[in-house]
Amino acid sequence: MKHIIIGTAGHVDHGKTVLIKALTGVDTDRLKEEKERGISIELGFAYLKLNNGRTVGIIDVPGHERFIKNMLAGVGGIDIVLLVIAADEGVMPQTREHLDIIQLLKVDRGVVVITKKDLVDEEWLEMVIEDTRDFVKDTVLENAPLVSVSAIKGEGLDELLKVINQLAVEAEQQAKKYNGPPRLPVDRVFTITGFGTVATGTLLSGQINTGDTLQIYPNGGTYRVRNIQVHGQKVQTAEAGQRVAINLSGLETGVLERGRVLAAPGSMRPTHRLDVKLQYLASAPKPLKNRARVRVYLGSAELLGRVILLDREELEPGAEAFIQLQMEESVASARGDHMVIRSYSPMRTIGGGVVVEPNAIKHKRYREELIKALSTAEKGTPGELLEQYLAANARLCTKDDLVSGTGLTTETVLDALSDLLEQGDAVELAYEGEKTYLSVQVLAKWEDKLEQALVEYHKKFPLREGYPKEELRSRLFPALSNKHFQMLLLGLEQSGNLELQANSVAIYGFTPTPSSAQSIAIKQLEEFFLANPYQPPGWSEAVQEVGLTKDEQEVLNYLLNQGTLVKVADGMFFHQRALAEILALVKNHLAEKGELMLGELRDILQTSRKYALPLLEYMDKEKITRRVGDKRVAGRALSQ
């Protein structure tokens, strides 16, 4: 079910707040200064019950030019606009700027309200109506209903309510689904004694439930939702499209402010760069130059940034272009978010746009393939958009990553993803209950990269079983977590190209193979260890005996991995045949006597305490024997 938000727009002192009070009974001017000056300074909020019993939220915005940033903080999530024009003054400067903003934010459903009709005669009112019709021509409100009212006398309010009801029904019927991770741009923060910090905003997507954990973006901590209010009533769940007030547990005053975003932990990726399709207003006073400093109004935030023109040096008024915004502080947004851009100084609205890539990388300018890719990102089909996103993001993407990264709904992402998987354009990788997705193009590149690294490693270290996993990940894929790297390896193993050991990776079919010289040395080493099997030499003595002058550690590791030598204690290695004989002798002795003393093992093997004690401790560790006081009895491994 789609929830509707209505927002006002219009010049200062044209009666927006009085109109909302007449419709709802709520005075949205809550500040002392607003009462004293008789103008709105901050955003005001109210709600209205429709004929069908549904309740819609209302945002009343300030009309004065000085408070345009406050106005912009509230209009980003509205579905229906009430463009208010006073009959005694007609279209004024802020009327024009507010209509520009409505256009730039693509608010295409609204009603033009002529207020204060009681202050003028019929002839003047008709003239204002005619002027207003000319004013909205060729705009999103060209065909919008126009209603004349007197909020003070109540004239025209019934007709206005009827129009609002009809527009709300249309908005509900034609609304998109807003599923996906919860995302709430914060437009107001205040403290209530005994409750703590409360944040308000319009929930753009998903749901928020009491007890959920939310993260402050772009750079804040996580906090638990203690209470939720919608339309002044305490609820357990808030849904996309609703005006929401959230009480966060443990949040200290000053940590959260307007312009921040509350969203699911890990669902957004803060960045300093945004790729944007910019519409530069025809009313802009001069061409927009590359690297111009501007004010960006995104969600409820006011930010500073520079415009990087990607395919030209200047943008003429009335033109459109793909640009990159290089922000002066980090920002968290989603694909499809609308923004308004104002000149740095003097401040005036000059354009706006839509976020095409919310996590952009720095681009080289004048590249045709870049403009083509951005065009696909802006207007492509869901499948094209998803395929491009997967190809451009060299990482394993979860379903939530795809939803937040593409700006598509969860349902649309799943449908498009299913098609890509079926067509072989994407792959699904899974490990420990988590599923991720990857472009086949990226997978092929990664596979080639891995195979090349493994071939070089096997050539350099022919006696090793494989490339250590952690070393391989840190060298080739430092951006992947251990879990995601394991997902990748498992996927490539299933394709038959890799073999995985517990801690290493090898090319499929690889077998550690000594060189001719190493084979001779290994044979001599085995003979030397077996010459006195129960009193084996130290490794240094052995390599010196056979003349092994290089790769001695590699050869030792190879013999240990092959099981030819067994490490019994630090610096003490037994040939596996000798150790097998020792274990057989111990087993027979325990079967006959039931227990074994250190001296008995020494006598059985005709060896010294130097070897007998480490052997007993090794057998204890391997559960072959079990120590009881000074004696050993059969361990669990020997009993099985």
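Residues numbered from 1 in each chain as written. Predicted model: local features only at pLDDT ≥ 70, side-chain atom pairs only at ≥ 80, totals over all residues. Heavy atoms only, no water.

### Re unusual backbone geometry
Then comes step 1: Cis geometry marks the peptide bond from Tyr 217 to Pro 218, where omega comes out at 15 degrees.
Then comes step 2: Structurally, Pro 218 is set in the loop between β10 (213-217) and β11 (222-230).
Then comes step 3: With an omega dihedral of -5 degrees, the bond running from Ser 345 to Pro 346 counts as a cis peptide bond.
Then comes step 4: A positive phi angle, close to 50 degrees, is found at Glu 432, a residue other than glycine.
Then comes step 5: Turning to its location among the elements, Glu 432 is positioned in the loop between β24 (426-431) and β25 (434-439).
Then comes step 6: For Glu 432, a relative accessible area of 61% puts it in the exposed group. (Helix = DSSP H or I, 4+ residues; strand = E, 2+ residues; numbered from the N terminus. Buried < 20%, exposed > 50% of the residue type's maximum accessible area, 1.4 Å probe, protein only.)

### Concerning the sheet that holds strand β18 (residues 292-298)
Then comes step 1: With antiparallel pairing, the six strands of this closed barrel are ordered in space as β16-β21-β19-β18-β22-β23. For this sheet, the mean inter-axis angle between neighbouring strands, taken without regard to orientation, is 45 degrees.
Then comes step 2: Judged from the six bridges that link them, strand β16 (residues 271-280) and strand β23 (residues 349-357) form a sheet pairing that is antiparallel. Its bridge partner being in β23, Lys 277 is matched across the sheet by Val 354. (Pairing = 2+ DSSP bridges. Axes fitted to C-alpha atoms, helices over the stretch in contact; angles between N-to-C directions.)

### Structural notes on the packing of helix α8 (residues 382-392) against helix α9 (residues 399-406)
Then comes step 1: Relative to each other, α8 and α9 sit at 110 degrees, their axes nearing to 10 Å. With respect to each other, α8 and α9 are oriented roughly perpendicular. For the pair α8 and α9, the sense of crossing is right-handed. Where α8 approaches α9, its residues Leu 385, Leu 386, Tyr 389 and Leu 390 are matched on the opposing element by Asp 401, Leu 402, Gly 405 and Thr 406.
Then comes step 2: Classifying every residue of the contact of α8 with α9 by side-chain character gives five nonpolar, two polar and one charged. (Parallel < 35°, antiparallel > 145°, perpendicular 65-115°, else oblique. Left-handed = near helix turned anticlockwise from the far one by under 90°. Contact = heavy atoms within 4.5 Å. Nonpolar A, V, L, I, M, F, W, Y, C, P; charged D, E, K, R; others polar.)

### A word on the sheet that holds strand β33 (residues 631-634)
The pairing of strands in a sheet happens through backbone hydrogen bonds and is either parallel or antiparallel.
Then comes step 1: Strand order across the open sheet formed by three strands is β31-β33-β32, with antiparallel pairing between neighbours. Of all strands in the sheet, those with a lone pairing partner are β31 (596-597) and β32 (625-628), marking the two edges.
Then comes step 2: Here two bridges tie β31 to β33, and the two strands are oriented antiparallel to one another. Across the sheet, the residue bridging to Leu 596 is Arg 632, located in β33.

### Regarding the packing of aromatic side chains
One pair of aromatic rings is described through two measures. These are the centre distance and the angle between the planes.
Then comes step 1: Summed over all chains, the structure comprises five aromatic pairs.
Then comes step 2: Both rings, one in Tyr 457 and one in Tyr 467, keep their centres 4.2 Å apart while their planes meet at 20 degrees; by these two values the pair is stacked. Taken together, the residues span a long stretch of sequence, with Tyr 457 in helix α11 (residues 440-460) and Tyr 467 in strand β26 (residues 467-468) at a distance of ten residues. Each member of the pair, Tyr 457 as well as Tyr 467, carries the same accessibility label: buried.
Then comes step 3: For the pair Phe 477 and Phe 485, a centre-to-centre distance of 5.9 Å together with 35 degrees between the ring planes defines the contact as tilted. We note that Phe 477, like Phe 485, is buried.
Then comes step 4: An aromatic cluster of at least three residues, connected via ring pairs, comprises Trp 446, Phe 477 and Phe 485.
Then comes step 5: Against the face of Phe 322 rests Lys 277, its NZ or CZ located 4.9 Å from the ring centre. (Phe/Tyr/Trp six-rings, centres within 6.5 Å; stacked < 30°, edge-to-face > 60°. Lys NZ or Arg CZ within 6 Å of the ring centre and 35° of its normal.)

### Quick word on the layout of surface pockets
Then comes step 1: Taken as a whole, the second largest pocket spans an internal volume of roughly 630 Å³.
Then comes step 2: Around the second largest pocket, the lining comprises 27 residues; the ones closest to its centre are Glu 357, Ile 361, Gln 388, Ala 392 and Asn 393.
Then comes step 3: Elements that contribute at least two residues to the lining of the second largest pocket include exactly β23, α7 (368-379), α8 and α11.
Then comes step 4: Of the residues forming the lining of the second largest pocket, the biggest block, six residues, is contributed by α8. (1 Å grid on protein atoms, 1.4 Å probe; cavity = no way out; pocket = protein on both sides within 12 Å on 5 of 7 lines; lining within 4 Å. Points joined across faces, edges and corners; volume = space filled by probe spheres on them.)

Shape is all these values report; function is a separate question.
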